[in-house]
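# Coordinates in review
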Amino acid sequence: KAGVTQTPRYLIKTRGQQVTLSCSPISGHRSVSWYQQTPGQGLQFLFEYFSETQRNKGNFPGRFSGRQFSNSRSEMNVSTLELGDSALYLCASSRDGLAINYEQYFGPGTRLTVT
Amino acid sequence: KNQVEQSPQSLIILEGKNCTLQCNYTVSPFSNLRWYKQDTGRGPVSLTIMTFSENTKSNGRYTATLDADTKQSSLHITASQLSDSASYICVVILTGANNLFFGTGTRLTVIP
């Protein structure tokens, strides 16, 4: 079956702009989580959506937001971009979050560069 | 202070040799501990998932161990291959919530 897909794969934006990233989970998966990965901080959890509701949230400012649609596809939005937002943004899907029985599958990521 | 520490930061080994990567954590109580492999430019791939009560879990040439008393986990790679060159990330997931803590990873390079 098809894996997790993310679009676009690469993006260059200017400080102050906003950006929307998209994630399509594996068919049948209702949980979608978003992560930021940078060389300095490593992987950090942004938030998780389940059945169109944000279920968990990491420690990121309100400029980072997301949503999930009825078909489980998810989008992540970053407003007022800062240079420090340059990172690889990863999306992962699972049947139901990170409980022990559920594998989590990552997409290839979107590489965002803010200039 | 990072609540999940991994060591070493980087490691170079010869093809065919074994190696062990370490993960020490302070967060608790946890639901499960996971090891992921991340190739350069790709998303992480799950290797093992262990609960608090499990001591060991294998996935082919990868074997993870867990000592809940000392709060340490290790990932042992047997008979390394060039394709094992990647970053290996330890993740601790807390009980009762999808709250998770990532280690900073170990960068493994296998050379011929």
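A quick note: this is a predicted structure, and the numbers were derived from the prediction, not measured.

Criteria and cut-off values
- Residues numbered from 1 in each chain as written.
- Chains lettered and ligands numbered in written order.
- Predicted model: local features only at pLDDT ≥ 70, side-chain atom pairs only at ≥ 80, totals over all residues.
- Heavy atoms only, no water.
- Helix = DSSP H or I, 4+ residues; strand = E, 2+ residues; numbered from the N terminus.
- Rg over C-alpha atoms; globule rule 2.2 N^0.38 Å.
- Buried < 20%, exposed > 50% of the residue type's maximum accessible area, 1.4 Å probe, protein only.
- Phe/Tyr/Trp six-rings, centres within 6.5 Å; stacked < 30°, edge-to-face > 60°.
- Lys NZ or Arg CZ within 6 Å of the ring centre and 35° of its normal.
- Pairing = 2+ DSSP bridges.
- Axes fitted to C-alpha atoms, helices over the stretch in contact; angles between N-to-C directions.
- Salt bridge = Lys/Arg side-chain N within 4 Å of Asp/Glu carboxyl O.
- Polar contact = N/O pair within 3.5 Å; in protein donor to acceptor, adjacent residues only side chain to side chain.
- Contact = heavy atoms within 4.5 Å.
- Buried area = accessible area lost by both parts, 1.4 Å probe.
- Nonpolar A, V, L, I, M, F, W, Y, C, P; charged D, E, K, R; others polar.
- Core = buried A, V, L, I, M, F, W, Y, C linked by side-chain atoms within 4.5 Å.

## As for the overall build of chain B
What chain B contains, in helices and strands, is zero helices and eleven strands. Overall, chain B shows an N-to-C arrangement of helices and strands of β-β-β-β-β-β-β-β-β-β-β. Computed over the C-alpha atoms, the radius of gyration of chain B is 13 Å, within 12% of the 13 Å expected from 2.2 N^0.38 for a compact globule of 112 residues. Split into buried and exposed, the 112 residues of chain B put 46% on the buried side.

## A short note on the packing of aromatic side chains
Going through the model one piece at a time under the given rule, you end up with seven aromatic pairs over all chains. Plain terms: the ring middles of phenylalanine 60 of chain A and phenylalanine 64 of chain A are 5.2 Å apart, the flat faces sit at 65° to each other, and that makes the pair edge-to-face. For the residue pair phenylalanine 60 of chain A and phenylalanine 64 of chain A, the accessibility class agrees, reading buried in each case. Between arginine 61 of chain B and the ring centre of tyrosine 62 of chain B, over which it is positioned, the NZ or CZ distance is 5.6 Å.

## A few points about the sheet that holds strand E6 (residues 56-59) of chain B
Residue and element names in this part refer to chain B. One open sheet holds the five strands; their spatial order is E1-E3-E8-E7-E6, and the pairing between them is antiparallel. Each having just a single partner strand, strand E1 (4-7) and E6 make up the two edges of the open sheet. Within this sheet the neighbouring strands show an average axis-to-axis angle of 15°, counted without direction. When E1 meets strand E3 (residues 19-25), the two strands line up antiparallel, connected through four bridges. If you follow serine 7 over to E3, its bridge partner there is glutamine 22.

## Here's the deal with the pattern of salt bridges
Residue and element names in this part refer to chain A. Inspection of every chain in the model, using the stated rule, returns eight salt bridges over all chains. The partner of glutamate 82 in a salt bridge is arginine 63, with the nearest N and O atoms 3.6 Å apart. Taken as a pair, glutamate 82 in the loop between strand E8 (74-78) and strand E9 (87-94) and arginine 63 in the loop between strand E6 (53-57) and strand E7 (64-68) lie far apart in primary sequence, 19 residues in all. Taking relative accessible area as the criterion, glutamate 82 reaches 42% and is therefore assigned partly exposed.

## Things to note about the side chain of serine 80 of chain B
All names here are of chain B. By secondary structure assignment, the location of serine 80 is in the loop between strand E8 (72-77) and strand E9 (86-94). Taking the relative accessible area as the measure of exposure, serine 80 reaches 3% and is therefore buried. Reaching out from serine 80, the side chain makes a polar contact with the backbone oxygen of leucine 14 at a distance of 3.2 Å. Serine 80 has contacts with Ile13, Leu14, Glu15, Gly16, Lys17, Arg61 and Val110, leaving out every residue within four places of it along the chain.

## Overview of the interface of chain B and chain A
Listed as interface residues are 19 residues of chain B and, on the opposing side, 21 residues of chain A. The contact between chain B and chain A buries some 1,600 Å² in all, and 58% of this surface belongs to carbon and sulfur atoms. Counting the contacts that link chain B with chain A gives zero salt bridges. Considered class by class, the residues forming the side of chain B that touches chain A number nine nonpolar, eight polar and two charged.

## Quick notes on unusual backbone geometry
Residue and element names in this part refer to chain A. Cis peptide bonds are those with omega within 30 degrees of zero, and the linkage from threonine 7 to proline 8 qualifies with -10°. Position of proline 8 among the secondary structure elements: in the loop between strand E1 (5-7) and strand E2 (10-13). Positive phi outside glycine occurs at serine 72, with the angle close to 80°. Looking at where serine 72 falls in the secondary structure, it is placed in the loop between E7 and E8. A residue is classified by how much of its surface remains accessible, and serine 72, at 13% relative accessible area, is buried.

## A closer look at the nonpolar core
Core analysis: the biggest nonpolar cluster contains 24 residues, and Tyr25, Leu33, Trp35, Leu75, Tyr88, Val92 and Leu108 of chain B have the highest contact counts within it. Of all the elements in the fold, those that place two or more residues in this core are E3, strand E4 (30-38), strand E5 (45-51), strand E7 (62-67), E8, E9 and strand E11 (106-111) of chain B. No other element matches E9 of chain B, which puts five residues into this core. Among all residues touching leucine 108 of chain B, those that are not within four sequence positions of it are Leu11, Ile13, Cys19, Ile77, Asp84, Ser85, Ala86 and Tyr88 of chain B. Core analysis: the second largest hydrophobic core is formed by 21 residues, Val19, Val32, Tyr89 and Leu112 of chain A among them.

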